[in-house]
Every structure is written in structure tokens, then in C-alpha cells.
Amino acid sequence: MQPIATGTKTSQAQTTKPKKPTVDKRIKALDIAMKRNRYRQDALIEILHKAQESFGYLEPEILEYIARQLKLPLSRVYGVATFYHLFSLKPSGVHSCVVCLGTACYVKGGGKITSAIEEELDIHAGETTSDRQVSLMTARCLGACGIAPAVVFDGAVAGKQNPETVLKQINAWQSDT
Amino acid sequence: MDLAELLTIADTERKKQKSIRVHCCTSTGCQAANSLSVRENLTNTVKESGLSNRVEVLGVGCMGFCGRGPLVQIDPEDILYEEVTPEDAPSIIDALNGGVAKPLQGDSQHPFFARQMRIVRQHTGKVDPESIEKYIAVGGYQSLYKVLYEMTPAEVVNEISKSGLRGRGGGGYPTGLKWATVAKMPGEQKYVICNGDEGDPGAFMDRSVLESDPHLVLEGMAIAGYAVGAAHGYIYVRAEYPLAIQRLQKAIQQAKKYGILGSQIFESPFDFKIDIRIGAGAFVCGEETALIQSIEGKRGNPLPRPPYPAESGLWKCPTLINNVETLANIAAIIRQGADWYSSIGTENSKGTKIFALTGKIRNNGLIEVPMGITLREIVEEMGGGVPDGEVKAVQTGGPSGGCIPASMLDIPVDYDSLSKIGSMMGSGGMVVMDRDTSMVEVAQFYMQFCREESCGKCVPCRTGTVQLYELLAKILNQQGTPADLEKLEALCQMVKETSLCGLGISAPNPILSTLRYFPEEYQELISAYSLNSQVTS
């Protein structure tokens, strides 16, 4: 347990004020999740979900910690974390914008929305702006095809979007900071 | 809990029902259009206008017409309002007393609704998905009770076989046969898995069923468990469907509380518990062996079959895997009988199928129709056709399916007719494309999808999809030669014949079907290159 706590603390200390209590809380949440699953190795995906939810992304120390607690080889934990698209090994931005590129959204211009954002923010899908404000991601299909094209802003699904409406939202985020 | 108690709950719930019921859709699509505020305002308005004694506002599951949400429907008069805003609430309630409602009144007799036949979606849009009592009030869990006390497991399997139900996830394997295989396997420990990893882009019927009627799926799973001799079930749901997960969790808790799930269900010797497993974004996990790997907490790599999961599945135990929609048909078959069910549909495709009608079409949403209806009826009558222009093709079956040209719209929609023309039923996505859509680009879109979703385990799929994508890109850049076209076709056949699992086997379908029905679009791009190269040389 020690290595992560210190590891996270140092990285936190470099960027912002030290947040000792929150680090502990996040570890605690992860520990509770593992205990609830009785440290079963088949619960690895649930544990990784929990870890990502608490920490925002899966940093190497967290993966090591989970591997040790579940008594799994690190290669297995790393293999699973990199196999599934929803797990991120890099920190994400303050705001997230997920553009659905399922077929219905694609036919109705989801691709144009992605290009517009990529151009505006000067990043590619899957990346975060250099100021760590906005992460742009794409989704396979949100199942919101009836209101295509769909975009998820910070977890809230918005339907019938176009490049203008999406850029407006993103600019609003940027002017907030 | 026994039958008398079940009937008492149903009775009490029905008596509580008020004479006017305002249904407000709270599924993902309508929630994105602010339906929760609509419901809140409607509830407050009813309270303020003192109508609480005869009017109730209910949050319900998907009504299907997702393109025009948020939807509000009022019973018993069956009035439908579309694109309702929270500000419209007072006028809607006022209209109950003879006023004029502000929002657009939809036509509940439109072919989009009138041509449907609802078995799986019978109660969606009418019952509150977060209340087990409401489900019981419409006859819920009585089928489970019936099998436990009136039927032997073999009789249940027999009934499902007789109904002619086939898997709704895409493959179309006879459900009864699958059940019989698992039931026959020796061993104490067996599992039932509900495949809710609806990965096909453009398909959202499973999401809608899970969000709108979670108990229907739980009941189907418990009946399946009894029939095959399993005491433990898993529902594997995509993480992209948070609302479905939340409602399933709630539903399982409610059912446990009533003793409908867990130990000694309905005081019988039958135990059945259900756990939820959440995916993490991998299309290949819809493939049954990959899904089992994922439930075991591993990378979702498919395994060679045989052994089939029915013999050796989850933790090497006999495992029954059925799709959400398949399991959602079970309660109705038990209730109304196999003969009734097999009277619906065509000779080899029985019952109904839910389709997600999306893309360039006037009426977007979910429809449940009897098998054998023609594609033209669905697209033109129910869907209202393309808003400006005409239909060029209909894509069915997602990345595993194909594009059906407008000239073939008169084919009946059933498993065999669709595969005969190089497409497939798939999970039921139907994306309508108009003249503006380039079919070569569509093929490339799907190939990009398969390239990224290939798990990388077998070579034909891992490298084949990359090469197919590159070839398509070359052709689209007007750099392709006639030889590239031949290579494209040969490579498609190779990937199809040598891949390990369904993902690779069906990945070339979008290319093959567009090559077959829209060869001129490929030819045009290729002759553009020959012309250019002649000019430059």
C-alpha cells in the first residue's frame, strides 16, 4: 500500500497543493471494492472500473497495487487494462467530450463534429488539450441512435448535435477557466 | 411469497392506479432531451392544480419514437405529445380539462405504431421500470411461478423448442436446441448468461429492453435457469449503458426482497441468483467465448469452438448464453404457449423482432414487428422514408451485416432471406442511407471499426482488417487500380474463411455486399485513377 500513497503524493505535490486526505480516501475506496469482491481474481474488471472512477485513470502504481492485492501477475492486470477501451492509462482533462461514431451518428455527421473539435482544440481524438482542460474521445455507439448525432459532455448525453452546438459548449468550458 | 401473495400485490397495484395516467419517457434518448424536468414539472403541475386524486404522472421506459423525444403519452385516451419541453407541462395538464396543449400532438395511430406487434415491448412505455410491483401488476413473474409448480424442466425446454424461437443476438440459433444441450449436460454447476453486450453500432433494442423492463429479462433468466438446471446467472452489460445497469441493480434487489430471486424461489426448492458484470468497451466481447473470458476477469479473447459454451463455458462448466431480447421472449411464450408464438412470423423465423430504425429516415426509433414483414413496409410506411430524397440502401446487422440496395426492399425480413442476400439479421440495427452516402465510405467505416475492434488473437482478422482498410483508403483516394479491386475481393474471402471467431468471419460482409450491389461506385473511383494517370503520363 505504501508505494502508491507516496507515489501519488509526490505527483500531486508537484502540480497542486498536497492533498493527503483525498489520496487516502481514494485508496480506501479501492480497498473496499476489493474486499467486497473478496479479492477474487475474476473481479479484476470491476476493480479496475472502481480504480479508474476513484483516480481518474490507471497509473502504473495503481496497477501494481491491484496486482499485488489480487495475487495476479502484473502482466495480466496490465493486459486487461490495455485490452478494454474504457480504461485509460493517461490522465484525462477536467472536461470530457465524447463524440459517438456509431453508424447512425456517422451517417448523420458525427465524423464532421469530431473533425471540427480536432481542428478547434488542435488535438486528435483520444487526446487531451495541453492545458488539461478538455479531453476528446470517441465512442462506438451509445445506443442513442434515435437522437443522432449524439455527444456526451461531462457524462450528460446531448442529442441532435452539429459542429456549431458542440464548439459552443467547448468554448463555454474554455471561457470558464 | 406464494401465488396468492403475488396476485394480491398485482391487485393492490391495479387498484392504486388512477383514472388518468400521464406517461413520461425516462429512457436514455429522452433523458438526453430533458425528459426528467418534463416529468418533474408535470408532477408539480398535477399537484398544484389539485388533480392528484385522479391523475398520476409516471416515469416509464422507452416508447420507441426516440427521434421525437421527450415523449409524453396519456392513457386511457392514448394521446401522444412529441418534443415536449418542461414549459409545456401546464398546458398538457390543462388539456385534460378541455384546454389546448402546446406541444405537437403525435399520431398514435401512425403506421410507426399501428403496424407494430408488441411481445417483448408489450409493457414498455406503460410500466415504471423501477417498480417491481408495477411489473407484477401486469402479470409479471407469473410465468416463473407457473414453470416452478406446473412444469418439469424438460417440459419447459420442450415448450421453448416448439415455439420456434431463435437467438435474437444475430446468429439465429434455435433457442430450444441450445437449452436442451445445456440441460442434457452432466454436472451440478451450470450457468446462465444474459448477453447484454450490444456492440453493433446502430442497435439499441437491448438497451431499451433493459432500461424499460428489466424484470422481464430477469424472469426469462430464472426460467432458463430452472429449465437447464443452473442456479447462478450473470448479466453482462456494456459500461456504455449506465442507466440500464442502474435499473438492473435495482430490479435484482427488489426481486430478492420478495423472494423471487435467491434461495427457494416462491418457496420451491429452486435457487437462482443473478449477478451483473459490466463490460469495459470491447466489441469482441459480444462473441460468446470472449464474453465468458471477460466475466472471468480476463482479456476478451475468443476461444476456438468446439467445445461450445453449452459443454464447457464459464469456469469450464456447461453454460447457456442467450441474448437480452431472446430471454425477454420467454415469459410470454410460457404464458401464452408455444402454439401461439409459432403462429407468428414465417416458417423458419417465428415471433417478432425489434429493430432500431435510424439514419436518414423521418421516423427514428425502435419498432417491434412480426418476422416476415417486408423491408419496404418498415422503411417507407413505418419509417416514413428519407426526409429529402430517396432510399439508396439499408444497412442491417451492423459491422457483420451488409447493405441492401433500394431495389431489394421487397424482401421479407427474416433470418434466411437476409442471409441469402449477403446481409444478416444481426441484433437488429437498421440504418437507412440516402443518395448522399458513399457506399465505399460506408464499407471503410465498418472496416475501420473491425480493424480497431479486432482482438488481435488470430492473424487473418488482425492483419486482414488492416490490409482491407488500407485497400479501401487507396481506392477512396482514387489511387486504386483494377488489380486492387481483385485483391480486395480475394482478401475478403480469405479473412472470411480463416478467422477464428464471428468478428473476423463477418468483418468482410460490408465490403462484399457493397461490391455486389454497388460495383459502380468502386468502378468510378478506380476509373478516376486511370484517367488521372493517363493525363499525367
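Residues numbered from 1 in each chain as written. Chains lettered and ligands numbered in written order. Predicted model: local features only at pLDDT ≥ 70, side-chain atom pairs only at ≥ 80, totals over all residues. Heavy atoms only, no water.

What follows is about the overall build of chain A. When you go through chain A residue by residue, the secondary structure sums to eight helices and four strands. Across the 177 residues that make up chain A, the buried fraction comes to 47%. Summarising the internal contacts of chain A: among those between residues at least 6 apart in sequence, 58% fall at separations of at least 24. Here chain A displays about 8800 Å² of accessible surface, and carbon together with sulfur accounts for 53% of that area. (Helix = DSSP H or I, 4+ residues; strand = E, 2+ residues; numbered from the N terminus. Buried < 20%, exposed > 50% of the residue type's maximum accessible area, 1.4 Å probe, protein only. Contact = heavy atoms within 4.5 Å. Areas by Shrake-Rupley, 256 points an atom, 1.4 Å probe, with all protein chains shown as cover.)

A few words now on the sheet that holds strand 4 (residues 156–158) of chain A. Residues and elements named next belong to chain A. Overall, mixed pairing links the four strands, which are arranged 2-1-3-4 in an open sheet. With partners counted over all chains shown, the strands left at the sheet margins are strand 2 (134–139) and strand 4, one partner each. Here the average twist between neighbouring strands, direction ignored, is 25°. Bridge count between strand 1 (residues 95–100) and strand 3 (residues 151–153): three bridges; the pairing is antiparallel. When the sheet's bridge partners are listed, Val98 is paired in strand 3 with Val152. Contacting strand 1, strand 2 and strand 3, helix 7 (residues 110–121) runs over the sheet at an angle of about 150° to strand 1. Sitting on the sheet, helix 8 (residues 163–176) is in contact with strand 1, strand 2 and strand 3, with an inclination near 170° to strand 1. (Pairing = 2+ DSSP bridges. Axes fitted to C-alpha atoms, helices over the stretch in contact; angles between N-to-C directions.)

When pLDDT drops low, the exact placement of atoms in the prediction is not to be read closely. Residues and elements named next belong to chain A. Confidence in the prediction of chain A, expressed as mean pLDDT, is 85, and 86% of residues score 70 or more. Of all helices and strands in chain A, the one with the weakest mean pLDDT is helix 1 (residues 2–15) (42), whereas helix 5 (residues 74–83) scores best (96). Confidence over residues 1–14 falls short of pLDDT 50; this stretch has 18 contacts with residues more than four positions distant or in other chains. (pLDDT = per-residue confidence, 0-100.)

Moving on: the confidence of the model for chain B. All names here are of chain B. On average, residues of chain B score 93 in pLDDT, and 99% of them reach the 70 mark or higher. Per-element confidence in chain B ranges from a low mean pLDDT of 84 for helix 23 (residues 519–536) to a high of 98 for helix 11 (residues 214–228). Of the two predicted TM-score estimates for the complex, the pTM is 0.92 and the ipTM is 0.89.

This part takes up the domain arrangement of chain A. Assigned domains within chain A: domain 1 (25–83) and domain 2 (95–175). Between the C-alpha centres of domain 1 of chain A and domain 2 of chain A the distance comes to 29 Å. (Domains from an automatic or database assignment.)

We now examine the pattern of salt bridges. Taken as a whole, this structure holds 32 salt bridges over all chains when the rule is applied. For Glu46 of chain A, the salt bridge identified is with Arg277 of chain B, shortest N-O distance 3.9 Å. Here the residue Glu46 of chain A occupies a position in helix 3 (residues 44–55), and Arg277 of chain B occupies one in strand 8 (residues 273–278), the pair thus bridging two chains. Classification of Arg277 of chain B as buried rests on a relative accessible area of 10%. One salt bridge in this structure joins Glu381 of chain B and Arg115 of chain B, with 2.5 Å as the shortest N-O distance. (Salt bridge = Lys/Arg side-chain N within 4 Å of Asp/Glu carboxyl O.)

On to the interface of chain B and chain A, then. Counting residues at the interface gives 49 residues for chain B, matched by 34 residues for chain A. Considering only the surface of chain B that becomes buried against chain A, Ala280, Arg299 and Phe445 of chain B emerge as the three largest contributors, covering 18% of it. For Arg140 of chain A, the salt bridge is made with Glu452 of chain B, and the minimal N-O distance between the two is 2.5 Å. Seen at the junction of chain B and chain A, the total is 18 residue pairs in polar contact (both at pLDDT 80 or more). If you tally residues by element for the side of chain B that touches chain A, the top one is helix 18 (residues 439–453) of chain B, at six residues. Of the residues in the side of chain B that touches chain A, the class split is 23 nonpolar, 13 polar and 13 charged. (Buried area = accessible area lost by both parts, 1.4 Å probe. Polar contact = N/O pair within 3.5 Å; in protein donor to acceptor, adjacent residues only side chain to side chain. Nonpolar A, V, L, I, M, F, W, Y, C, P; charged D, E, K, R; others polar.)

Now for the domain arrangement of chain B. Residue and element names in this part refer to chain B. Taken domain by domain, chain B comprises domain 1 (16–114), domain 2 (140–341), domain 3 (352–434) and domain 4 (439–536). On a C-alpha basis, the centres of domain 3 and domain 4 stand 23 Å from each other. Surface buried jointly by domain 3 and domain 4 totals about 1200 Å² across both partners, of which 63% is contributed by carbon and sulfur atoms. On the domain 3 side of the interface with domain 4, the three residues burying the most area are Lys392, Pro399 and Cys403, jointly 44% of the side's total. Taken together, the links from domain 3 to domain 4 amount to one salt bridge.

Right, let's talk about helix 3 of chain A for a bit. Residues and elements named next belong to chain A. In this model helix 3 runs 16 Å from its N-terminal to its C-terminal C-alpha over 12 residues, within 8% of the 16 Å that 1.5 Å per residue would give. Counted residue by residue, helix 3 has nine buried out of 12 residues, so it is predominantly covered. Of all the positions in helix 3, only Leu44, Ile45, Glu46, Ile47, Leu48, Ala51, Gln52, Ser54 and Phe55 are classed as buried. Just past helix 3, the residue Gly56 takes up positive phi, approximately 90°. (Expected span 1.5 Å × (residues − 1).)

Turning to the environment of Val22 of chain B, a few remarks are in order. Position of Val22 of chain B among the secondary structure elements: in strand 1 (residues 20–25). Not counting chain neighbours up to four residues away, the residues in contact with Val22 of chain B comprise Leu42, Val55, Glu56, Val57, Leu58, Val72, Gln73 and Ile74 of chain B.

All names here are of chain B. Residue position: Arg121 is located in the loop between helix 5 (111–114) and helix 6 (132–137). A polar contact is formed between the side chain of Arg121 and the backbone oxygen of Cys62, at a distance of 3.3 Å. For Arg121, the residues in contact, after removing those within four places along its chain, are Cys62, Met63, Gly64, Ser208, Ile354, Leu366 and Glu368.

A few words on the packing of helix 4 (residues 60–70) of chain A against helix 5 of chain A. Residue and element names in this part refer to chain A. At a closest axis distance of 9 Å, the pairing of helix 4 and helix 5 adopts a crossing angle of 125°. Looking at the two axes, helix 4 sits oblique to helix 5. In the packing of helix 4 onto helix 5, the handedness of the crossing is right-handed. Counting all contacts with helix 4, which are made through Leu63, Glu64 and Ala67, the residues of helix 5 involved are Leu74, Val77, Tyr78 and Ala81. (Parallel < 35°, antiparallel > 145°, perpendicular 65-115°, else oblique. Left-handed = near helix turned anticlockwise from the far one by under 90°.)

The subject of this paragraph is the pairing of strand 14 (residues 429–434) of chain B. Residues and elements named next belong to chain B. Judged by how many residues are buried, strand 14 sits mostly within the fold: six of six residues are covered. Relative to strand 14, strand 10 (residues 352–359) runs parallel, the two sharing four bridges. Note that in strand 14 the partner of Thr358 across the bridge is Val431. Where strand 12 (residues 391–396) meets strand 14, five bridges bridge the pair, whose relative direction is antiparallel. The partner of Val394 across the bridge, within strand 14, is Val432.

Counting 88 residues, the largest nonpolar core has Tyr141, Leu144, Trp179, Ile260 and Phe266 of chain B as the members making the most contacts within it. Looking at which element gives the most residues to this core, the answer is helix 11 of chain B, with 10 residues. In this structure Trp179 of chain B touches Val156, Val157, Ile160, Ile223, Ala224, Ala227, Val228, Leu320, Asn322 and Ile330 of chain B, once residues within four positions along its chain are discounted. Formed by 68 residues, the second largest nonpolar core is a distinct cluster that contains Ile47, Val80 and Ala81 of chain A together with Val440 of chain B. (Core = buried A, V, L, I, M, F, W, Y, C linked by side-chain atoms within 4.5 Å.)

A few words now on the environment of Cys66 of chain B. Tracing the backbone through its elements, the reader meets Cys66 of chain B in the loop between strand 2 (55–60) and strand 3 (72–75). On the basis of relative accessibility, which here comes to 8%, the residue Cys66 of chain B falls in the buried class. As for Cys66 of chain B and Asn322 of chain B, which are separated by 256 residues in sequence, their C-alpha atoms are 26 Å apart. Ignoring sequence-local partners within four residues, the contact set of Cys66 of chain B consists of Gly146 and Ile147 of chain A together with Phe204, Asn364 and Gly365 of chain B.

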